[in-house]
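# Breakdown of the fold
Given next are the chains, with one letter for each unit.
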Amino acid sequence: MKKRRTALALAFCLLWAAAGAESISFSGTVEPTATAEVYAPVGGTVEKVEVNVGEHVTADTVIARLRTTKVCAPEDGTVTAVYGEPGDSAETVGARYGGVVYLEGKNTLSISATTARAYEARENYIIHSGETVYLASRERSTNQGVGIITAVDGTSFTVLVTSGEFFIGDSIDIMRDPEYTLVSRVGRGNVDRVSPIAVTSTGSIVSCAVKAGDTVQRGQVLFETVNGTFDGTAPVSTEILAGVDGVVASLQAEQGGNISKDSLVAKIYPDGAVRVTSNVSETDLKSISVGQKVQVELDWNEETGISYEGTVTMISSLGEKGEDSTFYPVYVSFTPDEGTRYHMTALVSTLEDEIPSDGEAQPEESAEEDSPRREDETPSDGEAQQPEETGEEYRPRRENEARSDGETQQPEESAEGNAPRRKRESTGE
């Protein structure tokens, strides 16, 4: 009988589970599970924002470009040295080497002169910057040339040699007359070396356009800089990249605005980092559990019959009181496709449990077939006795009870109708 009661309990549980397997549904919203933040590797002015909020980007998509300061050649010449590299601070390089790029003009000689040896005429003592003068070597009378006055300081002035063959240290007479007449002499001086031009700037170097030995023209770009400094591990570029595949959630940079190093430029929702967030009534929580498989459908394509397999990943312990019930956030993970977009409305449905087929878990049959009663087995207290189980073979015979001659008891003849007959026989003796 113990096995019979176990089978009955099992059947009851199965029937209860089948009755409680009804599916429930609740609506939710497709939300991101993660946010990637993009920071500026260096400060500067935003030249252009290349993307829009809501746009899908890849890791190498340019979010924004920074405006650079272009440093150009002040005159025609030859690059003799480049000391700065991309990523270097222009100020640091300039402090160490005097300049980022050194440029040597095509005119390499100059004359430092005074009017002390000018021919004694009033006009010979009044000279002007930019004035063309004519040069003659006092050591080598055949060596002549042309120059231009580049600076005047009282009675001192400087002449840049634009033509002629001279040696450093030569003493040179300087005249106004192309015929080299003595009465046009405005001064005298010595030949010196023109110092290369040290070109420098501020900010960080992002690119160098020249190398040593290059010939450049006035106004040609030598290198470019941006404000701020780069980290040693940061890529040196004016382009700020997304760094991850996903959707642009917000932009903090705007064209023409200034950003500082390490400031937030954009937020991106990475691809695949989605879930459905639903608020479920407390009365429905008994039908949901963490790890449970559910079905997710999106409202926009509900007519297509497309659905996604989801899994309940979390049920919040903090609820929000509503008018009639308290609602708890339930989070469901699923694998999106190209048609899935953030903040779409979704319908989440639990899956019905399998109901046992007919013939399974039949308590009456399993009890009687699997647990036949032995002849000497005593019924448990309170167990209902069936008529076929109450015959004489199960009742101990009293000592003074007589059996009629030739009587043979069969199990089917042990009904209660035979007992009075035995009693009568016993009374007759």
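Residues numbered from 1 in each chain as written. Predicted model: local features only at pLDDT ≥ 70, side-chain atom pairs only at ≥ 80, totals over all residues. Heavy atoms only, no water.

## Quick look at a nonpolar patch on the surface
Where we set the bar: Each patch is built from residues that are more than 30% exposed by relative accessible area and take part in no salt bridge. Like charges join if they lie within 9 Å; nonpolar side chains (Val, Leu, Ile, Met, Phe, Trp, Tyr) join within 5 Å. Here, Shrake-Rupley sampling with a 1.4 Å probe gives the accessible areas, and only protein chains in the shown set may cover a residue. A pair is scored as a salt bridge if a Lys or Arg side-chain nitrogen falls within 4 Å of a carboxyl oxygen belonging to Asp or Glu. Put simply, DSSP H or I for four residues or longer makes a helix, DSSP E for two residues or longer makes a strand, and each gets a number counted from the N terminus.
On the surface, a cluster of nonpolar side chains totalling about 280 Å² of accessible area is made up of Tyr119, Leu182 and Val183. Examined against the element boundaries, leucine 182 turns out to sit in the loop between strand 13 (171-175) and strand 14 (185-193).

## Let's talk about the packing of aromatic side chains
Applied cut-off: Ring pairs shown here join Phe, Tyr and Trp side chains whose ring centres sit within 6.5 Å, with only the six-membered ring taken for Trp; geometry is labelled stacked below 30 degrees between planes, edge-to-face above 60, and tilted in between. Exposed residues in this analysis have more than 50% of their type's maximum accessible area, buried residues have under 20%, and partly exposed residues fall in between, with area computed by a 1.4 Å probe over protein chains only.
This structure, assessed with the given rule, holds five aromatic pairs. Residues tyrosine 83 and tyrosine 102 carry aromatic rings whose centres are separated by 5.9 Å and whose planes lie at 90° to one another, so their mutual orientation is edge-to-face. With tyrosine 83 in the loop between strand 7 (77-82) and helix 2 (90-97) and tyrosine 102 in strand 8 (residues 101-105), this residue pair connects regions lying 19 residues apart in the sequence. Its relative accessible area of 37% is what places tyrosine 83 among the partly exposed residues.

## Some details on the side chain of asparagine 124
To be explicit about the condition: Pairs of N or O atoms within 3.5 Å make up the polar contacts considered here, provided that, within protein, one atom can donate a hydrogen while the other can accept it, and that residues adjacent in sequence are counted only when both atoms are side-chain atoms.
Tracing the backbone through its elements, the reader meets asparagine 124 in the loop between strand 9 (109-114) and strand 10 (132-137). Using a relative accessible area of 3% as the deciding quantity, one classes asparagine 124 as buried. A polar contact of 3.0 Å, which involves the side chain of asparagine 124, links it to the backbone oxygen of tyrosine 119.

## A closer look at the layout of surface pockets
Empty space among the atoms can be located by rolling a probe the size of a water molecule over them. Which entries qualify depends on this criterion: Residues are said to line a cavity or pocket when one of their atoms sits within 4 Å of a point; the points come from a 1 Å grid over protein atoms alone, cavities being sets where a 1.4 Å probe fits but cannot get out and pockets being open sets with protein on both sides within 12 Å along at least five of seven lines. Grid points are joined across faces, edges and corners, and a volume is the space filled by probe spheres set on the points. For this classification, the nonpolar set comprises Ala, Val, Leu, Ile, Met, Phe, Trp, Tyr, Cys and Pro, the charged set comprises Asp, Glu, Lys and Arg, and every other residue, Gly included, is treated as polar.
Roughly 420 Å³ of internal volume is contained in the largest pocket. Forming the boundary of the largest pocket are 18 residues, of which His56, Val247, Thr340, Arg341 and Tyr342 lie nearest the centre. Ranked by residues supplied to the lining of the largest pocket, first place goes to strand 20 (residues 246-251) with three residues. The residue makeup of the lining of the largest pocket, split by class, is eight nonpolar, five polar and five charged.

## Re the environment of glutamate 131
Filter applied, for reference: The contact rule is simple, with two residues in contact once any of their heavy atoms fall within 4.5 Å.
As for its position among the elements, glutamate 131 is in the loop between strand 9 and strand 10. Sequence separation of glutamate 131 and alanine 151 is 20 residues, and the distance between their C-alpha atoms is 10.0 Å. In this structure glutamate 131 touches Gly147, Ile148, Ile149 and Arg176, once residues within four positions along its chain are discounted. There is a polar contact of 2.5 Å between the side chain of glutamate 131 and the side chain of arginine 176.

## Re the pairing of strand 20
Put simply, the rule is: By the convention used here, strands pair only if DSSP detects at least 2 bridges between them.
Alignment of strand 4 (residues 56-57) against strand 20, held across two bridges, turns out to be antiparallel. For histidine 56, the partnering residue across the bridge sits in strand 20 and is valine 247. Sheet topology note: the strand 20/strand 22 (residues 264-270) ladder contains five bridges and is antiparallel. Along strand 22, the bridge assignment pairs serine 250 with lysine 267.

## Regarding the confidence of the model for the protein chain
Atomic detail in the predicted coordinates should be set aside for any region of low pLDDT. Counted only if it meets this: A residue's pLDDT is simply how confident the predictor is in it, with values from 0 to 100.
Looking at the protein chain as a whole, the pLDDT averages 81, with 76% of positions reaching at least 70. Every residue in residues 354-372 is under pLDDT 50, and counting partners more than four places away or in other chains gives 15 contacts.

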